[in-house]
Amino acid sequence: MSTVKTHSYDVIVIGAGHNGLVAAATLARAGKRVLLLERSQQMGGAMATAEISPGYRVSTAAHMIDALPPRLERQLRLKKYGLRYGKQPLLTMALNRDGKHLTLPAGNKPMEGLSASDGEAYIRFARQREGLARLLSHAMAQRAGDNLGHSLQRLIWRAAFMRHVAIGELTQFAPARLGDILDREFESPLLKGALALDALIGQAEGPYEPGTALQLLHKTSQRQGGARQRVPLGGLGALAEALCGAILARGGEIRPGVEVSKIIVHGGHAAGVETASGEKITAAQVLSCIDARTTMLDLVGAACLDTGLAKSFRQIRHRGATAKINLALDGLPTIAGLAPALAGSRFLIVPSLKELDEACLAFRRGGLTTEPPMEVHLPSVNDATLAPDGQHVISIIVQYVPHDVTGGWNTAHEKLVQNVVQTLTLYMPDIASRIVAGEVLTPPDIEMKYSLTQGDWHHGVLDMARLLTLKPAALMEGYGSTIPGLYLGGAAAMAGGISGSAGEAAARAMLKGRA
Amino acid sequence: MSEPVFARHVLMSPLHADVAAESRTNLWTQWNGYSVAALLSDRESEYQALRYAAALVDLSPTCIYAVTGAQALGFLQRLVTGDVSKLAPGARMPVFFCDDRGLLVGAGRLACRGDNDYHLSTDEPALAWLLDSAYGFDVRVEDMTQQQARIGVWGARAEALLALVTSDDLTGLQPDHAASCKLAGMPVSLVRNGADHLAPGYVLTCDLDDASAIWRRLRDQREVPGLQAIGWDVLNTARLEMGIARAGVDYQNIFSAIHRADALTPFEAGVGAHVDFTKTHFTGRAALLPLKDKTPARKIIRLQVNGQEPLTLSDVRQGDAVIGRVTSSAYSPAHGAHLALARVSMTAGKTPDSLSVEAEFRRNSVVSRAWRAASLPGDATIAINYL
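Residues numbered from 1 in each chain as written. Chains lettered and ligands numbered in written order. Predicted model: local features only at pLDDT ≥ 70, side-chain atom pairs only at ≥ 80, totals over all residues. Heavy atoms only, no water.

Now for the overall build of chain B. Helix and strand counts for chain B stand at eight helices and 21 strands. The C-alpha atoms of chain B give 21 Å as radius of gyration, which agrees with the globular expectation for 387 residues (21 Å, within 12%). For chain B, the C-alpha atoms occupy an extent of roughly 60 × 50 × 45 Å along the three principal directions. Counting only residues that meet the buried cut, chain B has 56% of its 387 residues in that class. Accessible area for chain B stands at about 16400 Å²; split by element, carbon and sulfur atoms hold 51% of it. (Helix = DSSP H or I, 4+ residues; strand = E, 2+ residues; numbered from the N terminus. Rg over C-alpha atoms; globule rule 2.2 N^0.38 Å. Buried < 20%, exposed > 50% of the residue type's maximum accessible area, 1.4 Å probe, protein only. Areas by Shrake-Rupley, 256 points an atom, 1.4 Å probe, with all protein chains shown as cover.)

Let us look at the sheet that holds strand S20 (residues 366–374) of chain B. All names here are of chain B. In spatial order, the strands read S15-S18-S17-S16-S19-S20; together these six strands make up an open sheet with antiparallel pairing. Since the sheet does not close on itself, it has two edges, and those belong to strand S15 (298–306) and S20, each with one partner. In this sheet, neighbouring strand axes are inclined to one another by 30° on average, regardless of whether the strands run parallel or antiparallel. Of the pairings in the sheet, the one linking strand S19 (residues 355–363) to S20 comprises nine bridges and is antiparallel in character. (Pairing = 2+ DSSP bridges. Axes fitted to C-alpha atoms, helices over the stretch in contact; angles between N-to-C directions.)

Aromatic ring pairs are defined here through the distance separating the ring centres and the angle between the ring planes. Residues and elements named next belong to chain A. Tallied over the full model, the rule gives eight aromatic pairs over all chains. Considering the side-chain rings of Tyr122 and Phe186, the 6.3 Å spacing of their centres and the 35° angle between planes classify their relative orientation as tilted. In this pair, Tyr122 sits in helix H3 (residues 116–140) while Phe186 sits in the loop between helix H6 (178–185) and helix H7 (189–200), placing the two residues 64 residues apart along the sequence. Judged by relative accessible area, which is 4%, Phe186 ranks as buried. Arranged with centres 5.3 Å apart and planes meeting at 80°, the rings of Phe125 and Phe186 form a pair that is edge-to-face. Of this pair, Phe125 sits in helix H3 while Phe186 sits in the loop between H6 and H7, placing them 61 residues apart in sequence. For the pair Phe125 and Phe186, one class covers both residues: buried. (Phe/Tyr/Trp six-rings, centres within 6.5 Å; stacked < 30°, edge-to-face > 60°.)

All right, on to the pattern of salt bridges then. By the definition in use, this model includes 41 salt bridges over all chains. A salt bridge links Asp262 of chain B to Arg343 of chain B; the nearest nitrogen and oxygen atoms lie 2.9 Å apart. Of this pair, Asp262 of chain B sits in the loop between strand S14 (244–245) and helix H8 (285–288) while Arg343 of chain B sits in strand S18 (residues 337–345), and the two are 81 residues apart along the sequence. The buried category is assigned to Asp262 of chain B, whose relative accessible area is 19%. Several salt bridges converge on common partners, so that one network encompasses Asp198, Arg223, Arg346 and Glu375 of chain A. (Salt bridge = Lys/Arg side-chain N within 4 Å of Asp/Glu carboxyl O.)

Here we come to the packing of helix H1 (residues 18–29) of chain A against helix H9 (residues 236–249) of chain A. Residues and elements named next belong to chain A. Between H1 and H9, whose axes approach to 8 Å, the crossing angle comes to 25°. Between H1 and H9, the interaxial angle falls into the category roughly parallel. The crossing of H1 and H9 is left-handed. Here H1 contributes Leu21, Val22, Ala24, Ala25 and Ala28 to the contact with H9, which in turn contributes Ala240, Leu243, Cys244, Ala246 and Ile247. Looking at the contact of H1 with H9, its residues break down into 10 nonpolar, no polar and no charged. (Parallel < 35°, antiparallel > 145°, perpendicular 65-115°, else oblique. Left-handed = near helix turned anticlockwise from the far one by under 90°. Contact = heavy atoms within 4.5 Å. Nonpolar A, V, L, I, M, F, W, Y, C, P; charged D, E, K, R; others polar.)

A separate point is the domain arrangement of chain B. All names here are of chain B. Once the domains are mapped, chain B shows domain 1 (16–62 + 146–230) and domain 2 (242–263 + 295–374). Relative placement of domain 1 and domain 2: their C-alpha centres are 31 Å apart. Residue-level contacts link seven residues of domain 1 with six residues of domain 2. When domain 1 packs against domain 2, close to 420 Å² is buried across both sides, 63% of that on carbon and sulfur atoms. Counting every contact that joins domain 1 to domain 2 gives zero salt bridges. The interface formed by domain 1 and domain 2 contains one residue pair in polar contact (both at pLDDT 80 or more). Partitioned by chemical class, the residues of the side of domain 1 that touches domain 2 number four nonpolar, one polar and two charged. (Domains from an automatic or database assignment. Buried area = accessible area lost by both parts, 1.4 Å probe. Polar contact = N/O pair within 3.5 Å; in protein donor to acceptor, adjacent residues only side chain to side chain.)

What follows is about unusual backbone geometry. Not every positive phi belongs to a glycine, and Gln454 of chain A is a case in point at roughly 60°. For Gln454 of chain A, a relative accessible area of 25% puts it in the partly exposed group. Unusually for a residue other than glycine, Asp176 of chain B sits at a positive phi of about 60°. Its location among the elements puts Asp176 of chain B in the loop between helix H5 (158–165) and strand S10 (178–183).

Moving on to the interface of chain B and chain A. Contacts between the two partners involve 13 residues from chain B and, on the opposite side, 14 residues from chain A. Where chain B abuts chain A, roughly 1100 Å² becomes buried across the two surfaces, and 47% of that area is made up of carbon and sulfur atoms. Counting the surface chain B buries against chain A, the share from its top three residues, Asp100, Asp132 and Tyr135 of chain B, is 54%. One can count two salt bridges joining chain B with chain A. Remark: the boundary between chain B and chain A carries 10 residue pairs in polar contact (both at pLDDT 80 or more). When residues of the side of chain B that touches chain A are assigned to their parent elements, the largest contribution, three residues, is made by helix H4 (residues 127–134) of chain B.

This paragraph deals with the sheet that holds strand S15 (residues 435–441) of chain A. All names here are of chain A. Read across the sheet, seven strands follow the order S6-S5-S12-S13-S14-S11-S15 without closing on themselves; strand pairing throughout is mixed. The sheet is open, and its two borders are formed by strand S6 (102–104) and S15, each paired with just one other strand. Strand-to-strand twist of the sheet, defined as the mean angle between neighbouring strand axes without regard to direction, takes the value 25°. Here strand S5 (residues 92–94) pairs with S6 via three bridges, running antiparallel. Counterpart to Met93 in the pairing with S6 is Thr103.

In structure tokens:
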């Protein structure tokens, strides 16, 4: 251990996204001398609040915290460092063109506004979904290299203890097509479309692709951890600021604008990093929270890895499927049939599974659909600081937008905006006349601005293997990287939303000194 | 190569017509998808040719990969377990390569032809693994197998035979070193066999167009008594006399193995001396390091079972416990005994003794089984080699 003294830092954390910030804050709290390096000038990665027009501020990339465990917020004392929330809980609503909107309840509570048969079916469906997700929660937290036999045994035991969930149900449900399950259960096209979009937002799979039912269980399992969707006051940038505050208060060091070009491996052990400007910074350990493929193949280099391991990282596919549109509005848009108090809810916009599937088919062909499915939020309704008095900002995640669009983004850019505004007009008739400014982030823009390969939020496609055990890549073990001293804490290691979970888990593994 | 690898049916060696012309038995076998002669005339005369005169073998099915490019050396250092950096141009060395778990993917010989210019020859195809390993390196891997012909000129009089057909002086050529010469005006590169080879002699590599002419030129040297083309039956006997294990027979490469016990680490294969932990990273290093000083869990051993009659050998027993199984065996005229290689588990932690082998033999029309005492002839280390 005498060599540790010669390093300037105990740990270098690469990448200040939600995972990097949480990892650095966790390590700093544990008394480690931490250096956090971020390529861009802005901390937070996809958690960013920026001005799109003078006076109008919005969460430019991600616009909600999906799954940050409340426990983590308390541990890192984020409230002390300025994290505040707007109105809670945030409701999820499926908007309907005729004004009969549906509110998607949390957990297995009944849903209102449905037909009698749909109402009953929903209770059945929600119970099954919650039960199966609870059953799978342990398997979802598995890592590649964990004992698969043990985890399967545990799954069966859990099923035996949770009497109302049969293991047979899981083997039927999880590999199925989500669309087929919803078609079997429900009549309402709006309900089916909304449930599917809620489960698949951000992913490149269509509702009728095998295994998409597991994506629903994954989302459900995340929400069961007590982590409801929330929006911090000041946008997601406020969470980044609070995390930075937590790091700095514990003596951690943060350096923006520093791009890591290489992870130095000395004698088979990670020994620090080399920056793009040629500076060498030594540390006893390195924790990378950027995507696993880039970390291992570009920063470490295939030459330092075994052939099979390098191959398993090459096989991680990145496939972005969303665009982000942020608009400044000169007033609150009218939404027919919606109580004004609910204007700050999370809106899901898709009339039915058919539209969702067609959008995905267009996406597969590299095209844009005329009525894109969207997740829409008006953050300024509950947070007056974001826009001038009486004015608003709207944040739109457009689902099924290809990275490599046919004909190139120069021509498709305008078409995307038109499609989105025209579709929104069906729900908010006056939206077009209220737009005063806007910002469009296509998947290539998201890739460039937030260092997300292909614009993929999840650092790689969330297929079944990755959702269950083989994360971040097959042949991997634990949070280590097979290179002693190098840990992986990016979204590839534990996927899904703004959660910080992967970063925290990697930091904890590092503190315990295990892989 | 015009054919996709997985679309191969039966491949023909460029020397197939010449070898077929020698055949008086029409007995063939296959190697890497090629038809190769099992027996051309009779065992006795072919064995005599290989051991005491000169024998010609068509080695064209040997897999040859050209490795070139600015990072060829770095690529090879990461690929194989041994240290390649000291290999001088013109020399070659045995190399072994493993997967991430330290289990053998392949074995072969690496010839250095110049700066960042290597030829890797292997007994079994390895292109897919080489290409997987090439990711991240500035290196070009080319399958040369079907672009050249190879002829083994082996036996006690191989040197004398070559002296008759080429005016180049080959007497000073060191074992495991390469030279080039002209044979009836045709360019030929040749490598001299090392001591770990199944017979002294040379492997000649030539253009496809010249192969047939060179084969006939060698075959026509009537001044060398006993010169003969030979088939695989006799090569099998010869490799068992040398204790050379074959991939696909005595062990399986990790991609062919259906059970862990069929695959081997270099330590289990007895080639631990070719694993160098002091060089830069290589695939399987982390898995092999903890095994360095441990007794291997299994091993390939050489066995000798006395007796002249035909025997089929199977289980290997130490005392009363069955510890393994014979993987290949043949009768050796030189030893006057049956020689075998067997894969055994090493529970005792040392080289097993008091061994017996279950032998099947015929008495009139009755097939009987009996345990026959087996001895370990000479050193029991195994050289894993291509031919």
